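# Examining the three-dimensional arrangement
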Amino acid sequence: QLFNAGPATSTAGVDLAVEAIKLSPRISCSAKVNDLDWEMALHVARAVLRIGAETEGGEGNFQFCASFNVAPGVPFFPAAYHAGEPSFAFGCETSEVIAASLTSAKGDMASARNMLLDCMHEQLAPLEELGHALSQPNSFEYGGIDGSIAPNPSATPLT
């Protein structure tokens, strides 16, 4: 029940994204910065500051992403957007998986690494198989999995 409004590609779009984020915690947006567009990068930085100041506890910034040279089809939310032929990808919130691995390791970094790799494989391998299986009969390109750590405020703290 989240809505991604997609990437803002102009300074006016960035301003609109800030206003949209203030409307609801379920709306996410990104700002697309290409190459070395310093004007856009500075405007996006100011938008991050505005969101921080104008949303409760600055948490609106969990709904906003400054994306630099992100291609269509990347499943990293909220930078994700689509262009071209039909395709799909999975974006996962893995902070709970990481928290479980790190706390189980009790400070041993080598164990934490191994536990994390095992746990991520255990959790994501079935999803990877499902993605390939779904892409075959439907002729949709499967773009993969984003298993990066998502800053979920309700996840188990790592400290």
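One can find the structure itself at the top, above this paragraph.
### Side note on the pattern of salt bridges
Any two side chains of opposite charge can pair, given that their charged atoms come close. A complete count under the given rule lists four salt bridges for this structure. When the shortest N-O distance is used, the salt bridge between Glu-19 and Lys-22 registers 3.3 Å. With Glu-19 and Lys-22 both in helix α1 (residues 11–23) and three residues apart, the pair spans about one turn of that helix. The partner of Glu-19 in a salt bridge is Arg-50, with the nearest N and O atoms 2.6 Å apart. Of this pair, Glu-19 sits in helix α1 while Arg-50 is found in helix α2 (residues 38–54), placing the two residues 31 residues apart along the sequence. Looking at Glu-19, the relative accessible area reads 36%, which means it is partly exposed. Residue classification places Arg-50 among the partly exposed residues on the basis of a relative accessible area of 27%.

### A word on the nonpolar core
Counting residues in each nonpolar core, the largest one holds 15 residues, and the members touching the most others are Val-14, Cys-29, Val-44 and Phe-64. Listing elements by their share of this core, those giving two or more residues are α1, β2 (27–33) and α2. Of all the elements, α1 adds the most residues to this core, at five residues. Among residues more than four places away in sequence, those in contact with Val-14 are Ala-8, Ala-31, Met-40, His-43, Val-44 and Ala-47. The next biggest cluster of nonpolar side chains, apart from the first, holds five residues, and it includes Cys-92, Val-97, Cys-119 and Leu-124.

### Details of α1
Here α1 spans 19 Å end to end across 13 residues, near enough to the 18 Å set by a 1.5 Å rise per residue. Against the buried residues of α1 lie β1 (3–8), β2, α2 and β3 (64–68).

### Section: the packing of helix α3 (residues 95–105) against helix α4 (residues 109–138)
It is the contact of α3 with α4, at a shortest axis distance of 8 Å, that shows an interaxial angle of 145 degrees. Of the two possible hands of crossing, α3 and α4 adopt the one that is right-handed. Touching Val-97, Ile-98, Ser-101, Leu-102, Ser-104 and Ala-105 of α3 are Ser-111, Ala-112, Met-115, Leu-116, Cys-119, Met-120 and Gln-123, all from α4. Tallied by class, the residues present in the contact of α3 with α4 amount to nine nonpolar, four polar and no charged.

### Considerations on the sheet that holds β2
The strand order β1-β2-β3 describes an open sheet built from three strands, whose pairing is parallel. Strand pairing shows two members of the sheet lacking a second neighbour, β1 and β3, which therefore form its edges. Neighbour-to-neighbour, the strand axes of the sheet open up by a mean angle of 20 degrees, direction not taken into account. Of the pairings in the sheet, the one linking β2 to β3 comprises five bridges and is parallel in character. Bridge pairing in β3 places Ala-31 opposite Ala-66. Contacting β1, β2 and β3, α1 runs over the sheet at an angle of about 160 degrees to β2. The strands that α2 touches are β1, β2 and β3; relative to β3, the one it contacts most, it runs at about 165 degrees.

### Quick look at the packing of aromatic side chains
The final tally for this structure, using the stated rule, is three aromatic pairs. An angle of 75 degrees between the planes, with centres 5.8 Å apart, marks the rings of Phe-88 and Phe-90 as edge-to-face. The exposure class of Phe-90 is buried, given its relative accessible area of 18%. Seen in terms of ring centroids, Phe-90 and Tyr-142 are 5.9 Å apart; in terms of plane orientation they differ by 55 degrees. Their pairing is tilted.

Rules behind the numbers
- Residues numbered from 1 in each chain as written.
- Predicted model: local features only at pLDDT ≥ 70, side-chain atom pairs only at ≥ 80, totals over all residues.
- Heavy atoms only, no water.
- Salt bridge = Lys/Arg side-chain N within 4 Å of Asp/Glu carboxyl O.
- Helix = DSSP H or I, 4+ residues; strand = E, 2+ residues; numbered from the N terminus.
- Buried < 20%, exposed > 50% of the residue type's maximum accessible area, 1.4 Å probe, protein only.
- Core = buried A, V, L, I, M, F, W, Y, C linked by side-chain atoms within 4.5 Å.
- Contact = heavy atoms within 4.5 Å.
- Expected span 1.5 Å × (residues − 1).
- Axes fitted to C-alpha atoms, helices over the stretch in contact; angles between N-to-C directions.
- Left-handed = near helix turned anticlockwise from the far one by under 90°.
- Nonpolar A, V, L, I, M, F, W, Y, C, P; charged D, E, K, R; others polar.
- Pairing = 2+ DSSP bridges.
- Phe/Tyr/Trp six-rings, centres within 6.5 Å; stacked < 30°, edge-to-face > 60°.

Just geometry here; none of it tells us what the structure is for.
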